[in-house]
Number of protein chains: 2
Amino acid sequence: MSDHTSAAVQAAQAARRASILLGDSSTEARNKSLLAVARAFETRRDEILEANAQDVANAETLCAKGQLARPLVKRLQLRSKFADVIAGLEAVAKLPDPIGIVQKATELDTGLILTRVACPIGVICTIFESRPDALPQIASLCLKSGNAILLKGGKEAARTNRILADVIAEASIAAGAPAGWIHLLETREDVAGILGLDQYIDLIIPRGGNDLVRYIMDNTKIPVTGHQDGVCHVYIHGDADPDQAIAVAVDSKCQYPAVCNAAETLLIDAAWPADATRRLIGALKDNGVMLKGDERIRALAPEADMAPATDDDWRAEFLDLTLAVRSVDGLDEAVDHINTWGSHHTDTIVTTSDDVAEKFIRRVDSSSVMRNASTRFADGFRYGLGAEVGIATGKIHSRGPVGLEGLTIYKYILRGEGQTVAQYSGPDGRAFTHRPLPVDEG
Amino acid sequence: MSDHTSAAVQAAQAARRASILLGDSSTEARNKSLLAVARAFETRRDEILEANAQDVANAETLCAKGQLARPLVKRLQLRSKFADVIAGLEAVAKLPDPIGIVQKATELDTGLILTRVACPIGVICTIFESRPDALPQIASLCLKSGNAILLKGGKEAARTNRILADVIAEASIAAGAPAGWIHLLETREDVAGILGLDQYIDLIIPRGGNDLVRYIMDNTKIPVTGHQDGVCHVYIHGDADPDQAIAVAVDSKCQYPAVCNAAETLLIDAAWPADATRRLIGALKDNGVMLKGDERIRALAPEADMAPATDDDWRAEFLDLTLAVRSVDGLDEAVDHINTWGSHHTDTIVTTSDDVAEKFIRRVDSSSVMRNASTRFADGFRYGLGAEVGIATGKIHSRGPVGLEGLTIYKYILRGEGQTVAQYSGPDGRAFTHRPLPVDEG
């Protein structure tokens with residue numbers, strides 16, 4: 001076992017032990033630790049920002065040499081976000097406790113009561129890229145939900161991540177959180193070591209680009225919550241109102257094109273009036289969108305001078321002002337296109353027909369499906385979840401924007417008075433009552 | 001691509017297409033298909049039992065040659081279970097529909113309504129060993145919950161599985177279910193081919209022994225719901241009532257020792273009176289239990305003549321009348337033992353103290369945690385779930401006995417009137433109302 005593997009194993013084992021204690025701590029204790037971290041961030045502000053300034057200076061040097069992209073340097077900056085980081089910690093402390101909620105309660109028989117109660121998942125591992133404010137955000141959500149956490153950030157933010165993790169650990173543990181609940185992993189080898197530790201780690205949440213997420217999903221048996229791609233669609237049905245169609249399509253593509261919930265493909269029904277199609281294409285071009293069209297769309301709007309679209313464009317996540325456009329014959333063809341080429345993230349239809357909208361909603365197999373609304377709404381804050389762990393496109397556990405609930409699972413608890421299964425067996429056995437009992441409000 | 005891989009891929013692709021249509025079918029349509037299958041089983045009873053008799057005859061021949069164990073031959077028999085199989089189909093038709101339930105509803109703003117609605121997972125693959133009545137059971141649960149299914153049974157039951165799958169497909173599709181929703185895989189190569197198809201298959205549910213489950217978990221990136229081991233514990237606290245302790249321990253071990261929720265290790269607190277310990281050990285021996293004890297227990301009850309227990313015994317799933325017994329010093333040591341050596345399945349404490357019981361319940365990291373009740377209660381029927389898909393010991397999606405709900409996930413649905421995110425951005429942007437709306441009753 002190499003030193004790195006050994007360090008990762010030790011961190012994971014310590015996290016597993018701490019997770020039992022953290023999961024057994026009260027709401028008040030976890031909130032007290034969160035607020036202690038917020039105070040420590042205020043007290044040690046200069047020290048943290050100095051470490052961050054060093055990371056930024058190093059990144060500037062690399063950028064000047066052409067070894068690091070300019071946007072990555074910008075994302076490293078913590079100073080302008082520092083007040084938000086502290087406000088975020090305080091906000092998480094104020095959220096309702098996701099742990100301990102009684103989801104179901106059943107009397108199996110007199111004096112034999114079954115409940116299903118929300119509990120922490122256990123040990124979460126999160127691997128993220130350069131944005132260091134992700135560290136206190138995800139750590140605070142884990143602390144709130146009683147989960148131990150292993151963190152691995154990008155190497156450009158190494159100094160910042162180190163001090164952030166140290167301050168969080170020191171302040172939270174001084175306030176009563178169990179030692180070992182948070183660990184920072186600092187090397188690539190640590191990550192490789194972690195991916196094999198399915199006996200200690202319950203869930204991996206990658207926050208980063210497509211390549212990172214794919215690498216993790218391809219190299220671990222540990223469950224992963226996240227998304228690789230956001231290939232989101234806007235489908236303009238034949239009966240769509242032109243003003244709504246233009247508003248939704250332009251917003252979905254242009255409001256913030258660099259993110260996963262921005263639209264990448266526009267499907268225009270062949271039954272939609274040609275003049276409306278030309279207006280929509282004109283509006284997109286006016287907003288600076290570079291269009292790649294299939295043959296029918298290009299023939300319909302030759303003045304737009306679109307590049308021809310290929311199959312690669314239907315699966316592309318452009319993340320910039322590029323948009324693939326295709327003409328489709330009716331709802332079924334649109335749904336087929338989305339389910340075949342999309343990434344099961346977020347897709348919207350513009351239509352004035354309730355029947356068409358509801359069929360689209362039922363048949364599109366995506367985490368968020370919308371009618372007459374921009375794909376950009378698919379987000380934990382806009383959905384009112386209070387906090388966002390990430391967006392998931394899998395079909396297991398969590399889907400779509402994931403809030404604190406995504407960091408919980410449940411256990412069944414049976415409280416009896418010495419009952420045995422033998423008493424309920426055979427022709428003279430007792431019968432179960434299976435009487436539902438009242439539970440906590442959702 | 002080999003023929004087998006190609007057959008598996010084609011089945012998975014067809015299942016994926018069918019899953020969209022099945023997920024969009026009404027409660028009535030799915031129930032109608034279930035009842036049509038029940039009627040077809042009645043009509044084709046002789047044909048099905050004849051195929052099964054051939055499988056049984058072949059198995060008898062293998063058994064006579066010593067190539068197949070006697071209990072496997074017995075489990076192949078369908079005749080004595082046939083009425084139960086039909087009753088099971090009818091019972092599933094009567095269960096509440098798990099699909100379409102509105103779990104959450106939020107007004108984001110006037111005319112912009114978000115809901116979270118239960119939907120099928122999509123394509124389920126189930127791989128099971130010789131018991132052929134598992135096939136109609138799991139197929140009916142998938143049909144009920146709108147999931148397409150790929151099935152692979154044991155080779156000893158090949159003829160039975162083939163006709164069962166044919167009858168289910170023919171009857172359900174004639175009654176309106178979409179073609180392709182159910183596929184039987186018939187070769188080992190099909191299974192190997194299936195395990196790589198994470199783009200088409202959403203969840204694997206293995207039903208079989210430890211080796212099968214481990215093989216699947218080790219060889220796929222597709223999520224797996226199930227359990228490898230059932231290393232369940234009974235912990236007798238120092239204040240336990242002797243009669244309750246004896247009843248719970250004997251039932252947990254002896255009521256049906258061959259199953260996953262039977263106890264495998266007994267932890268007796270050193271503070272429990274020595275005469276009670278000796279009574280309990282005597283009761284277990286009277287029930288035919290072979291005991292393996294640690295040094296302290298053997299010293300305490302030398303008359304029991306226990307074999308010495310090793311570390312291997314603490315992790316053993318005996319599945320027979322063998323029980324490992326250990327003396328522990330207090331609750332914390334018992335919890336540590338269970339979390340270290342157990343399989344996170346089902347563990348019970350016998351105690352008269354509420355505080356001790358509740359700490360045990362909070363700290364034992366298992367899917368079912370009990371007080372003063374036999375571990376044998378951990379079961380979908382006894383828990384009142386209506387149907388059991390299996391028992392899961394993972395921490396993601398489902399845990400413990402899994403009912404129909406475990407075959408569902410949700411999608412977010414946003415219905416608007418042309419709203420854009422730009423309208424909600426910037427200093428003059430509209431504010432979200434995030435007003436909770438009433439939802440379906442759980």
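Engineer: Which parts of the structure should I look at to understand unusual backbone geometry?
Structural biologist: Negative phi is the rule for most residues except glycine; trans is the rule for most peptide bonds. Even without a glycine there, the phi angle at H434 of chain A is positive, about 45°. The backbone phi angle of D305 of chain B is positive, close to 55°, even though this residue is not glycine. With respect to the secondary-structure elements, D305 of chain B resides in the loop between α12 (295–300) and β10 (307–308). C-beta crowding within 10 Å serves as the criterion here: with 10 such atoms nearby, D305 of chain B is assigned to the exposed category.

Engineer: Just checking my understanding: could you explain the interface of chain B and chain A for this structure?
Structural biologist: How big an interface is tends to be reported as the loss of accessible area on association of its parts. Taken together, the contact between chain B and chain A spans 58 residues of the former and 58 residues of the latter. In terms of residue class, the side of chain B that touches chain A is made up of 25 nonpolar, 18 polar and 15 charged. Sheet topology note: the strand β13 (residues 368–373) of chain A/strand β16 (residues 408–419) of chain B ladder contains five bridges and is parallel. Residue pairing for β16 of chain B: V369 of chain A is matched across the bridge by I413 of chain B.

Engineer: Which parts of the structure should I look at to understand the nonpolar core?
Structural biologist: Across soluble globular proteins, nonpolar side chains show a tendency to be buried alongside one another. Counting residues in hydrophobic clusters, the biggest one holds 257 residues, and the most contacted among them are L150 of chain A together with L150 of chain B. For L150 of chain B, the residues in contact, after removing those within four places along its chain, are A11, A12, A15, V123, C125, H183, L185, I194 and I201 of chain B.

Engineer: Help me out: how do you make sense of helix α3 (residues 45–64) of chain B in this one?
Structural biologist: Along an α-helix, residues three or four apart share an orientation, since each turn contains 3.6 residues. Residues and elements named next belong to chain B. With 20 residues, α3 should reach 28 Å at 1.5 Å per residue; the first-to-last C-alpha distance of 28 Å fits that figure. When α3 is considered as a whole, its buried residues turn out to be I48, A51, N52, D55, V56 and A59. Down the axis of α3, the sector holding all buried residues measures 140°, keeping them to one side. Turned more than 90 degrees from where α3 packs its buried face, D46, E47, A57, T61 and A64 sit exposed.

Engineer: What is the right way to read the relation of the copies chain B and chain A from this model?
Structural biologist: To go from the first copy of the chain to the second, apply a rotation about an axis and then a shift along the same axis. With an RMSD of 0.0 Å, the fit of chain B onto chain A corresponds to turning through 180° and sliding 0.0 Å along the axis. The two molecules are tied by a two-fold rotation axis, judged by turn and shift. Every residue of chain B has its C-alpha some distance from the rotation axis, and the shortest such distance is that of H397 of chain B, at 1.9 Å. Most of the interface of chain B is mirrored in chain A, where 100% of its interface residues are also at the interface.

Engineer: Explanation requested: the sheet that holds strand β6 (residues 203–207) of chain A in the structure shown.
Structural biologist: Within a sheet, each strand pairs with its neighbour through backbone hydrogen bonds, oriented either parallel or antiparallel. Residues and elements named next belong to chain A. Taken together, four strands build an open sheet; the order of strands is β5-β4-β3-β6 and the sheet is parallel. The sheet is open, and its two borders are formed by β5 (182–185) and β6, each paired with just one other strand. Within this sheet the neighbouring strands show an average axis-to-axis angle of 20°, counted without direction. Relative to β6, strand β3 (residues 123–128) is paired through five bridges, and the arrangement is parallel. If you follow I127 over to β6, its bridge partner there is P206. Along the sheet, helix α6 (residues 134–144) contacts β3, β4 (148–152), β5 and β6; its crossing angle with β4, the most-contacted strand, is approximately 165°.

Reading the values: the criteria
Residues numbered from 1 in each chain as written. Chains lettered and ligands numbered in written order. Predicted model: local features only at pLDDT ≥ 70, side-chain atom pairs only at ≥ 80, totals over all residues. Helix = DSSP H or I, 4+ residues; strand = E, 2+ residues; numbered from the N terminus. Buried ≥ 20, exposed ≤ 12 C-beta atoms within 10 Å, placed from the backbone. Contact = placed C-beta atoms within 7 Å. Nonpolar A, V, L, I, M, F, W, Y, C, P; charged D, E, K, R; others polar. Pairing = 2+ DSSP bridges. Core = buried A, V, L, I, M, F, W, Y, C linked by C-beta atoms within 7 Å. Expected span 1.5 Å × (residues − 1). Arc of directions from axis to C-beta. Least-squares fit on C-alpha atoms with pLDDT ≥ 70 in both. Axes fitted to C-alpha atoms, helices over the stretch in contact; angles between N-to-C directions.

In short, shape yes, function no, at least from these values alone.
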